[in-house]
Amino acid sequence: MKYFKKDFYSSVVYLLIGFLIVLLNAVWFIPTIRAMRHQISENETEIVKRSQSEIKFFLGNQVANLAIPAFFLKPDLDHLDNKAIVEKILNEPYFNRVSLLDKNGQELFRADRLATVLEGSMEHLSDRPEFIAVINSGLPFFGDIRFTETLEPLTVVAVPVYFVRGEVAGVLIAELNIRALFSSLDSIRSVSGGSVYVVDKKGDIISHRDPSLVLQQTNRNSLQVVTDILSGKEKLAVKDDDSYVYENEKGETVLAAGGLIKETGWAVVFEEPKEIVMAPIEKIKIFAGIIVFLGVIILIVLNKLNRNLLNSKKEIERAFNSAKRLADEQSIVALLGQKALQNLNIIDLMNETVTSVSEALGTEYVKILELEPDGKNFILRAGVGWKAGFVGQAKIPAGPESQAGYTLLSEKPVVVEDLTKEKRFNAPTLLKEHNVKAGISVIIQGRDRPFGVLGAHTSLKRTFSESDINFIQSVANVLSEAIERKKSEEIVKNNAEELGTMNKFMIGRELKMIELKAEIEELKKASGGTAAAL
């Protein structure tokens, strides 16, 4: 039990040490991982903001390229000077066509880089969405992206023309080639190989480093990051967790972040390979795992060494206890032998014996059974631990149905480890009433026949050692010798008493004869020889 407690406490200590290692590991590991993940988010945010700035700067410049000339238009919009201003706008490299409309949507002047403008070809464009949007809002407007046969991305930009504050007098509309913008976005890359792409209001890709995705009008509305941006839920969609992780068209698992281009309603998205981005974090995790693993291995080794040490101590203590117990048993046998040589009453010797055996073997019950003259039963002559009234009165069958009877018949020590599973004999009433589970019994030999049985019992399941068997057999032998010696002494004493009685009888008879002879001699003398004559 003592070593069980030591093992338990040692295990608890090592468990606490292991927990401390994990805790200390977590103290730096968790903040480090969080900081690295936050840094990844910061890098994503920086690239998204840079992309937003690129787009807004380009679009802002184009709006300015229209708004500044609009400031110099003549109030009489169909004035020929205005035509010159419209044609001059085409000097800006990104405009393909520019039109000036009055507030009713009538095209007044048009300049076209790619086609010749014919007289009388002006159109009524009041139903165009860009015209309607500018007239209603008084703000610049950008139309949807379309692609030419040569895959040039085009959009429409419209700005209001003001002459009276708050009143839109007309609209300048230009077709804008945004190839340069998308090219600049394609050049934005991260160290991990991440890139930027743009989707329109419908979620269709309009700019991507893989042109096939643009041509196929690949829709990204199924992605959480795109949905959050286009729905207005997130103007800057950046997460420190895996909320914006998905598998792209190449089968790569990517981390994503994005932002809204308010002027156009586009979403700019930055994606980068998760495996590459998370590699440093994975290395930290592996390193932390190795630390924990090595810590656990070290604890296991230390625990093993500790257990080996405890086992060695157990073996040493077990050997010491065994030697001490053997010495104590031998001392008990020797002491009982000395008392047997003394003129000690047999019952007193028996009582001394059962007490000594109980203490030596650690059993609650010890008994000395004497075989009755008819050989049918034993009587409990001496014992310890038994209920009051049993010693001197209880009888046990001497047949094979009891442990004592079986011991007598087998003529060797009988050991029982679990009486409830015993098949050789039945448990007698004496043992049942005391809830006996295990025991050992040996024969107390006699000169002509066995005197009886010495037994030790316990209410616990137990395995008795060879040393226990030798000890109780030695005690039984001492009892046997003492009993036989006592019987011999009683025989000698009885014979001596009989001989003394006979000697006294013979001596008395001789004395009586001498007295009779003396009386006869006196009578002879008194009668003067009469007796002789007679």
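Residue numbering note: each chain is counted from 1, following its sequence as written. The model is predicted, so local features are restricted to residues of pLDDT at least 70 and side-chain atom pairs to those at 80 or more, both for listing and for counting; the totals for chains, interfaces and linings are taken over all residues. Remark: hydrogens and water are excluded; side-chain values derive from all non-hydrogen atoms of the structure.

Asks: Lay out the overall build of the protein chain with the relevant residues and their values.
Replies: Put simply, DSSP H or I for four residues or longer makes a helix, DSSP E for two residues or longer makes a strand, and each gets a number counted from the N terminus. A count of helices and strands for the protein chain gives 13 helices and 18 strands. Per-residue accessibility, obtained with a 1.4 Å probe over protein chains only, is compared with the maximum for each type, and a residue is labelled buried under 20%, exposed over 50%, and partly exposed between these values. In the protein chain, buried positions account for 40% of the 534 residues. The criterion used for residue contact is that any of the two residues' heavy atoms lie within 4.5 Å. For the protein chain, the share of sequence-separated contacts (at least 6 apart) that also reach a separation of at least 24 residues comes to 56%.

Asks: Outline a nonpolar patch on the surface, supporting the account with residue identities and numerical values.
Replies: Patches draw on residues past 30% relative accessible area with no salt bridge. Two like charges within 9 Å are joined, as are two nonpolar side chains (Val, Leu, Ile, Met, Phe, Trp, Tyr) within 5 Å. Per-residue accessibility takes into account occlusion by the displayed protein chains alone, with areas from the Shrake-Rupley method and a 1.4 Å probe. Each reported salt bridge corresponds to a side-chain nitrogen of Lys or Arg within 4 Å of a carboxyl oxygen of Asp or Glu. A contiguous nonpolar surface patch, about 980 Å² in accessible area, is contributed by Ile286, Ile290, Phe293, Leu294, Val296, Ile297, Ile298, Ile300, Val301, Leu302 and Leu305. For Leu294, the position within the fold is in helix α8 (residues 279-341). On the basis of relative accessibility, which here comes to 45%, the residue Leu294 falls in the partly exposed class.

Asks: Tell me about the nonpolar core, residues and numbers included.
Replies: Of all hydrophobic cores here, the largest spans 39 residues; its most connected members are Ile55, Phe95, Val98, Leu172 and Trp266. Sorting elements by how many residues they give to this core places helix α1 (residues 2-71) first, with eight residues. Excluding residues that lie within four positions of it along the chain, Leu172 makes contacts with Leu66, Ala70, Leu73, Val86, Ile89, Val98, Ser99, Leu100, Val157, Ala158, Val159 and Val161. One finds Val333, Val354, Ala360 and Phe464 within the second-largest nonpolar core, a separate group that totals 30 residues. The nonpolar core is taken to be a set of buried Ala, Val, Leu, Ile, Met, Phe, Trp, Tyr and Cys residues, with the residues joined through side-chain atoms within 4.5 Å.

Asks: Account for helix α9 (residues 346-361), with residues named and values stated.
Replies: Given 3.6 residues per helical turn, the α-helix brings residues three or four places apart onto the same face. If you check α9, its first and last C-alpha atoms are 22 Å apart, about what 16 residues at 1.5 Å a residue would give, namely 22 Å. Following α9 by one or two positions, Gly362 adopts a phi angle in the positive range, close to 70°. The span you would expect from a helix comes to 1.5 Å times its residue count less one.

Asks: An account of the side chain of Asn96 is requested, with residue identities and associated values reported.
Replies: Topologically, Asn96 is positioned in strand β1 (residues 95-102). Take Asn96: its relative accessible area is 9%, and that puts it in the buried class. Discounting residues that sit within four places of it in the chain, Asn96 has contacts with Leu90, Ala111, Asp112, Arg113, Leu114, Leu154, Glu175 and Asn177.

Asks: An account of the packing of aromatic side chains is requested, with residue identities and associated values reported.
Replies: In this scheme Phe, Tyr and Trp rings, the latter by its six-membered ring, pair at centre separations within 6.5 Å, and the angle between planes marks the pair as stacked below 30 degrees, edge-to-face above 60, and tilted otherwise. Per the counting criterion, the structure on display carries five aromatic pairs. Ring centres of Phe182 and Trp266 lie 6.4 Å apart, and the angle between their planes is 55°; this geometry places the pair in the tilted category. In this pair, Phe182 sits in helix α4 (residues 179-186) while Trp266 sits in strand β12 (residues 266-273), placing the two residues 84 residues apart along the sequence. Note on Phe182: relative accessible area 4%, which makes it buried. We call a charge positioned over a ring when the NZ of a Lys or the CZ of an Arg lies within 6 Å of the ring centre and within 35 degrees of the ring normal. Across from the ring centre of Tyr197, 4.6 Å away, lies the NZ or CZ of Arg220, which sits over that ring.

Asks: Can you lay out the environment of Asp144 for me, pointing to particular residues and giving the numbers?
Replies: Here Asp144 shows up in the loop between β3 (141-142) and β4 (146-147). The exposure class assigned to Asp144 is exposed, which follows from its relative accessible area of 58%. Taking the C-alpha atoms as reference points, Asp144 and Gly265, 121 residues apart in sequence, are found 9.7 Å from one another. Those residues within four positions of Asp144 in sequence are excluded, and the remaining contacts are Leu154 and Thr155.

Asks: Report on the pairing of strand β18 (residues 452-458), specifying residues and quantitative values.
Replies: Taken across its seven residues, β18 has seven buried, putting it largely inside the fold. Think of it this way: DSSP has to see at least two bridges between two strands before they count as a pair. Relative to β18, strand β13 (residues 365-371) runs antiparallel, the two being bridged by six bridges. Paired with Lys367 across the two strands is Gly455, which belongs to β18.

Asks: Outline the sheet that holds strand β17 (residues 438-444), supporting the account with residue identities and numerical values.
Replies: One open sheet holds the six strands; their spatial order is β15-β14-β13-β18-β17-β16, and the pairing between them is antiparallel. This sheet does not close on itself; its edge strands, each paired only once, are β15 (395-397) and β16 (414-416). Across the sheet, the mean angle separating the axes of adjacent strands is 25° when strand polarity is ignored. The pairing of β13 with strand β14 (residues 377-384) spans six bridges and is classified as antiparallel. Bridged to Val366 within β14 is Val384. Each axis is a line fitted through C-alpha atoms, and for a helix only the stretch in contact is used; angles between axes span 0 to 180 degrees, taken between their N-to-C directions.

Asks: Which residues make up the pattern of salt bridges, and what values do they have?
Replies: Applying the stated criterion to the full structure yields 16 salt bridges. Notably, a salt bridge pairs Glu123 with Arg110, separated by 3.8 Å at the nearest N-O pair. Linking Glu123 in the loop between β2 (107-112) and α3 (129-137) with Arg110 in strand β2, this pair joins segments that are 13 residues apart in sequence. Its relative accessible area of 17% is what places Arg110 among the buried residues. For Arg128, the salt bridge identified is with Glu130, shortest N-O distance 2.7 Å. According to the relative accessible area criterion, Glu130 is buried, its value standing at 5%. Shared partners join several salt bridges into a network, and the residues in it are Arg37, Asp242 and Lys274.

Asks: Mind laying out the environment of Leu336, listing which residues take part and the relevant values?
Replies: Tracing the chain through its elements places Leu336 in helix α8. Through-space distance from the C-alpha of Leu336 to that of Leu349 is 7.6 Å; in sequence the pair is 13 residues apart. Setting aside its immediate chain neighbours within four residues, Leu336 contacts Leu349, Glu352, Thr353, Ser356, Val475 and Val478.

Asks: Report on the side chain of Gln62, specifying residues and quantitative values.
Replies: Secondary-structure assignment places Gln62 in helix α1. Sequence-distant contacts of Gln62, that is, excluding residues within four places in its chain, are made with Tyr94, Phe95 and Leu176.

Asks: Which residues make up a negative patch on the surface, and what values go with them?
Replies: Taken together, the side chains of Glu42, Glu46, Asp240 and Asp241 define an acidic patch exposed on the protein surface. Assignment of secondary structure puts Glu46 in helix α1. Note on Glu46: relative accessible area 56%, which makes it exposed. For the purpose of counting charges, residues Lys and Arg are taken to be positive, whereas Asp and Glu are taken to be negative. His and the chain ends are not included. Taken as the charge location is NZ of Lys, CZ of Arg, CG of Asp or CD of Glu.

Asks: Account for unusual backbone geometry, naming residues and giving values.
Replies: Despite not being glycine, Leu151 shows a phi value in the positive range, around 65°. Tracing the backbone shows Leu151 in the loop between β4 and β5 (153-164). Since its relative accessible area comes to 34%, Leu151 is described here as partly exposed. Although it is not a glycine, Asn435 sits at a positive phi angle of roughly 55°. Within the secondary structure, Asn435 is located in the loop between α11 (429-433) and β17.

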